[in-house]
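Letter by letter, the chains look like this.
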Amino acid sequence: MWDGPLEKITEYKFRIPKSYKPGMRVDGIIYADEKLLQDIKKDKAPEQVVNVAFLPGIVKYSLAMPDIHWGYGAPIGGVSAFDLDDGIIAPGMIGYDINCGVRLLKTNLTLEDAKGKISKIVNTLYDDVPSGLGSKGEIKMSLQEEKKLLLQGAKWAVSRGLGVKEDLECCEEFGAIEGADIDSVSSRAYERGKPQAGTLGSGNHFIEAQVIDDIFDMEIAEKLGLFIGQITVMIHSGSRGFGYQVCDDHVRVMVKCLSKYGINVPDRQLACAPINSPEAKNYIGAMRAAANYAWCNRQVLMHLVRESFGKVFSKSWQSLGMDLIYDVAHNIAKFEKHIVDGREKTLCVHRKGATRAFGPGNPELPARYKEIGQPVIIPGDMGTASYLLVGTKKAEEESFASACHGAGRVKSRHEAIRTVNLETLLKELKSKGIEVRATGKKTIVEEAPSAYKNIDDVVGVVIGAGLSKKVCRMRPLCVVKG
Amino acid sequence: MENFEFIEHTADIGVRVYGKSLEDLFQNCAQTLFSLLIDHKPAEKIEERIILEAETLEELLVTWLNELISLFYTYKFLPAEYDIAIEKDDKKKILRSVIKGEEFSPYENKMNREIKAATYHNLKIEKDSFGYKAEIIFDV
């Protein structure tokens with residue numbers, strides 16, 4: 001139980017003052033309400049918010065979203081921004097799964113159309129999309145091809161017919177971040193990444209067919225072509241072994257940077273280097289390559305999902321209206337412009353389990369989303385619901401344009417295994433009309449809805465704090481877990 | 001007594017591992033790691049040699065485990081037997097190991113789970129009159 005100070009600023013915002021511990025450079029801010037705060041205080045996540053506040057060059061505050069929970073280094077749900085002159089970049093504050101993220105695609109199918117076909121959908125997805133522990137993809141490629149993939153991200157997949165150019169417009173960074181440096185990638189990472197391109201992975205990664213069961217903003221929903229009873233598909237995956245190896249390679253280097261640059265960190269998993277150092281530049285180049293790997297991966301997965309639906313409904317994906325709504329990264333560092341002390345400044349924003357949430361008019365957004373703001377996709381647990389939100393100006397002003405990334409765990413995997421019975425859980429899901437397929441039975445239990453916070457509460461805080469606007473809610477119909 | 005026990009961690013997997021000596025601890029940490037990944041008992045068919053250097057024992061332990069994770073997922077090397085020697089002075093710690101194991105694909109065999117990496121978070125190696133103890137959080 002964390003018993004440090006938490007001062008209530010508003011109904012949805014709590015402060016850990018920098019006076020709490022000598023060495024904190026800024027306050028910690030946790031977005032939560034009284035109810036969520038009880039769970040948040042149960043583990044060491046608030047202390048991790050504090051630890052991030054120690055880092056050199058941190059700007060304004062060390063932030064945490066309401067889905068915050070105990071991670072390693074930074075908390076999951078953590079957001080922090082660093083000055084380019086005296087700030088740092090820390091691989092452990094982005095995570096091993098670089099550019100783990102979510103994409104949401106719509107269909108023109110209704111719940112009525114899918115009636116009686118849910119089993120077929122989940123079985124086809126399970127059979128046709130490589131998923132599960134250490135799964136192997138169908139994409140065979142040479143080293144030269146892998147290098148192209150790392151530079152081109154989702155574009156690489158689209159150029160090979162695994163999607164259309166409109167898909168790219170609906171991805172953060174248009175599916176490929178600039179500045180990937182293939183020379184900063186180790187041969188080990190290339191090798192580890194090769195068999196896994198186009199695979200879902202395991203743990204909390206999933207593909208889910210859903211139905212929209214509530215709409216909160218009719219105008220935006222209409223603009224996005226969304227309606228009650230419509231089938232949507234959500235894909236959650238990341239950069240697989242490639243990203244893990246990139247992170248590992250560079251954490252090893254950055255641990256040595258601590259003494260080299262005289263940086264004190266309260267937790268060595270926050271190992272970092274000054275943004276302008278050669279070590280940081282190498283990491284940034286490799287991290288971007290991993291981010292592109294992940295965008296390519298989700299593009300390939302989406303292609304397989306489209307093909308699976310095509311098979312089930314005997315129609316092309318185009319005639320099923322399977323267009324991408326958006327793709328967001330929730331483990332990444334980005335160089336973004338934000339207002340600090342009334343002046344625009346470029347900052348290095350770390351998001352670990354947090355979603356970028358640009359408001360309407362942001363110049364980074366594609367034309368189609370300029371007016372409404374950036375789609376923010378919040379997956380919930382497999383038994384409850386997920387949300388589609390849009391970013392706001394207030395998020396840009398307050399949270400370095402960030403919102404939450406999911407429900408956030410509340411039970412450890414071990415506790416879930418101890419307390420959840422697989423048969424009972426599957427029965428419960430079935431009674432709600434939800435079908436689940438997974439390679440590992442343990443995964444289903446570890447990912448049980450009771451292991452997560454209530455998504456409605458988490459999203460409620462994000463909305464209450466003004467960091468996003470609710471568009472619609474999607475209820476799961478079937479889930480493929482890794 | 002088992003060589004390891006679980007410790008609670010919300011998102012990932014935490015273990016507390018014991019060893020009579022430092023070498024024993026490093027071996028038990030490696031065995032714990034693979035027992036989390038897989039139930040298969042590997043044969044001693046091929047040999048790998050690993051030499052690692054670090055400033056602290058904690059850093060050496062994380063580097064050791066991540067090297068094994070990386071070898072497994074990249075080159076499908078599943079260790080069975082370890083011969084480990086650790087040298088340490090004030091400035092550096094060196095691990096030399098000869099590992100026997102077999103080629104075993106994580107992509108074509110049943111796995112219990114995936115582990116991305118061992119992390120430095122809350123990592124500590126402690127010594128008492130019974131031997132050594134380490135607490136490690138694995139990112140899963």
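Quick note: structure is the one above.
Residues numbered from 1 in each chain as written. Chains lettered and ligands numbered in written order. Predicted model: local features only at pLDDT ≥ 70, side-chain atom pairs only at ≥ 80, totals over all residues. Heavy atoms only, no water.

Q: Help me get a handle on the overall build of chain B, residues and values and all.
A: The number of helices and strands found in chain B is 2 helices and 7 strands. Traced from its N-terminal end to its C-terminal end, chain B shows the element sequence β-β-α-β-α-β-β-β-β. Since a compact globule built from 140 residues should have a radius of gyration of about 14 Å, the 14 Å found for chain B is in line with a globular shape. Projecting the C-alpha coordinates of chain B onto the three principal axes gives extents of approximately 45 × 35 × 25 Å. The burial tally for chain B puts 59% of its 140 residues in the buried class. The long-range share in chain B, meaning contacts at least 24 apart out of those at least 6 apart in sequence, stands at 69%. Here chain B carries 18 positive and 28 negative side-chain charges, and the mean point of each set is 2 Å from the other. (Helix = DSSP H or I, 4+ residues; strand = E, 2+ residues; numbered from the N terminus. Rg over C-alpha atoms; globule rule 2.2 N^0.38 Å. Buried < 20%, exposed > 50% of the residue type's maximum accessible area, 1.4 Å probe, protein only. Contact = heavy atoms within 4.5 Å. Lys, Arg positive; Asp, Glu negative; His and termini not counted. Charge placed at Lys NZ, Arg CZ, Asp CG, Glu CD.)

Q: Explain the overall build of chain A residue by residue, including any values.
A: Scanning chain A for helices and strands turns up 17 helices and 19 strands. Since a compact globule built from 482 residues should have a radius of gyration of about 23 Å, the 21 Å found for chain A is in line with a globular shape. Projecting the C-alpha coordinates of chain A onto the three principal axes gives extents of approximately 60 × 50 × 45 Å. Expressed as a percentage of its 482 residues, the buried residues of chain A come to 67%. Relative to all contacts within chain A whose residues are 6 or more apart in sequence, the contacts with residues 24 or more apart total 76%. Charge separation in chain A, taken as the distance between the mean sites of 65 positive and 60 negative side-chain charges, equals 3 Å.

Q: Explain the sheet that holds strand 4 (residues 61-69) of chain A to me, and be specific about the residues and the numbers.
A: All names here are of chain A. Taking strand neighbours across the sheet as the criterion, the 7 strands line up as 1-2-3-4-5-13-12 in an open arrangement whose pairing is mixed. If you trace the sheet from one side to the other, it starts and ends with strand 1 (7-10) and strand 12 (331-340), each paired once. Recorded for the sheet is a direction-independent mean angle of 30° between the axes of neighbouring strands. Inspection of the sheet shows strand 4 paired to strand 5 (residues 76-83) by 3 bridges, in the antiparallel sense. Residue pairing for strand 5: A64 is matched across the bridge by G78. (Pairing = 2+ DSSP bridges. Axes fitted to C-alpha atoms, helices over the stretch in contact; angles between N-to-C directions.)

Q: Give me the interface of chain B and chain A: which residues, what numbers.
A: Reports of interface size often rely on the accessible area that becomes lost once the parts have come together. Facing 35 residues of chain B, the contacting portion of chain A comprises 44 residues. Approximately 3,600 Å² of surface area, both sides summed, lies buried where chain B meets chain A, with 49% of it carried by carbon and sulfur atoms. Its largest share of buried area at the contact with chain A, chain B owes to B:T10, B:Y107 and B:Y120, together 20% of the area lost on that side. Between chain B and chain A we count 7 salt bridges in total. (Buried area = accessible area lost by both parts, 1.4 Å probe. Salt bridge = Lys/Arg side-chain N within 4 Å of Asp/Glu carboxyl O.)

Q: Lay out the sheet that holds strand 3 (residues 46-54) of chain B with the relevant residues and their values.
A: All names here are of chain B. Read across the sheet, 3 strands follow the order 3-5-4 without closing on themselves; strand pairing throughout is antiparallel. Pairing within the sheet leaves two strands with one partner each, and these edge strands are strand 3 and strand 4 (77-88). Across the sheet, the mean angle from the axis of one strand to that of its neighbour is 20°, orientation sign disregarded. As paired strands, strand 4 and strand 5 (residues 93-103) are joined by 11 bridges and run antiparallel to one another. Pairing of I84 across the sheet is with S97, part of strand 5. This element, helix 2 (residues 57-75), spans strand 3, strand 4 and strand 5 of the sheet and lies at about 145° to strand 3.

Q: Any details on unusual backbone geometry? Residues and values, ideally.
A: All names here are of chain A. Residue E173 is not a glycine yet carries a positive backbone phi of 60°. Residue placement: E173 occurs in the loop between helix 7 (165-169) and helix 8 (187-193). In this structure, F174 takes a positive phi of about 55° despite not being glycine. Looking at the element boundaries, F174 is found in the loop between helix 7 and helix 8. Exposure remark for F174: the relative accessible area of 36% places this residue in the partly exposed category.

Q: Kindly report on the packing of helix 5 (residues 143-152) of chain A against helix 11 (residues 278-313) of chain A, identifying the contributing residues and their values.
A: Residues and elements named next belong to chain A. The contact between helix 5 and helix 11 brings their axes to 7 Å, and the two run at 95°. The angle between helix 5 and helix 11 places the two elements in the roughly perpendicular class. Here E146, L149, L150 and L151 of helix 5 lie close against helix 11, whose contacting residues are A289, N292, Y293 and C296. (Parallel < 35°, antiparallel > 145°, perpendicular 65-115°, else oblique.)

Q: Describe in detail the pattern of salt bridges, supporting the description with residues and values.
A: Summed over all chains, the structure comprises 45 salt bridges over all chains. Residue A:D39 pairs with A:K42 through a salt bridge whose shortest N-O separation is 3.1 Å. A relative accessible area of 24% places A:D39 in the partly exposed class. In this structure, A:K256 engages B:E59 in a salt bridge whose closest nitrogen and oxygen atoms are separated by 2.7 Å.

Q: How would you summarise the nonpolar core if you had to cite specific residues and measurements?
A: A:I89, B:F26, B:L61, B:W64 and B:I136 are the most contacted members of the largest nonpolar core, which has 161 residues in total. It is helix 11 of chain A that contributes the most residues to this core, 12 residues altogether. Those residues in contact with B:L61 that sit more than four places away from it in its chain are B:F26, B:C29, B:L123, B:I125, B:A134 and B:I136. Counting 66 residues, the second-largest nonpolar core is a separate cluster that includes A:V328, A:Y369, A:I372 and A:V480. (Core = buried A, V, L, I, M, F, W, Y, C linked by side-chain atoms within 4.5 Å.)

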